[in-house]
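# Examining the three-dimensional arrangement
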Amino acid sequence: MANAVKWKIKDLWKTLKNIVSAVLVGELLLRLNIIRYFPHFAYLFLLFWLSIWASLATDTTLNKVERNKKIIHNLEIEHAQKTYELVSLSRRSTVEEMLANMGSQLREPEKPAVRLEK
């Protein structure tokens, strides 16, 4: 037990002071000899960065998809309305009514059309 290390408050204070000064100066990793793991830290940083970038890109794409779904839905409604209007305009009664409102003398033929041949 003669060689056993006895910790004193002074030693503990000195060690804490060394750690704080190393952190402030930026030498803590060098003192702990962690610099040999730098390639691993760089690789982890790259993986985290790629993961964050991929999630942001995915979020942006999903926002665009949702916006385009809304636009498509509105365009489908507009297309249905225009189709209804065109179908209603192609009825004979509607065409006759429109011609009469415009003052035209055109009416539905009384007898069928005659086909001319060469």
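All of the points below concern the structure found in this document.

About the criteria used
Residues numbered from 1 in each chain as written. Predicted model: local features only at pLDDT ≥ 70, side-chain atom pairs only at ≥ 80, totals over all residues. Heavy atoms only, no water. Helix = DSSP H or I, 4+ residues; strand = E, 2+ residues; numbered from the N terminus. Rg over C-alpha atoms; globule rule 2.2 N^0.38 Å. Buried < 20%, exposed > 50% of the residue type's maximum accessible area, 1.4 Å probe, protein only. Patch = residues over 30% accessible without salt bridge, like charges linked within 9 Å, V, L, I, M, F, W, Y side chains within 5 Å. Areas by Shrake-Rupley, 256 points an atom, 1.4 Å probe, with all protein chains shown as cover. Salt bridge = Lys/Arg side-chain N within 4 Å of Asp/Glu carboxyl O.

Moving on, we come to the overall build of the chain. Scanning the chain from N- to C-terminus turns up 4 helices and 0 strands. Listing each helix as α and each strand as β along the chain from the N terminus yields α-α-α-α. Its C-alpha atoms give the chain a radius of gyration of 42 Å, clearly above 13 Å, the size a compact globule of 118 residues would have. Structurally, the chain occupies a C-alpha span of about 130 × 35 × 25 Å along its principal axes. Out of the 118 residues in the chain, the part that is buried amounts to 3%.

A cluster of nonpolar side chains, Tyr-37, Phe-41, Tyr-43, Leu-44, Phe-45, Leu-46, Leu-47, Phe-48, Trp-49, Leu-50 and Trp-53, forms an exposed patch at the surface whose accessible area comes to about 1200 Å². Locating Trp-49 in the fold gives a position in helix H3 (residues 38-89).

With that out of the way, let us pick up the environment of Lys-8. Considering the arrangement of structural elements, one finds Lys-8 in the segment before helix H1 (9-25). Lys-8 sits in the exposed class, given a relative accessible area of 56%. Along the sequence, Lys-8 and Ile-19 sit 11 residues apart, while their C-alpha atoms lie 17 Å from each other.

Here we come to unusual backbone geometry. The residue Asn-33 is not glycine, and still its phi comes out positive at about 60°. Given a relative accessible area of 41%, Asn-33 falls into the partly exposed group.

Interpretation in functional terms is not warranted from these geometric data alone.
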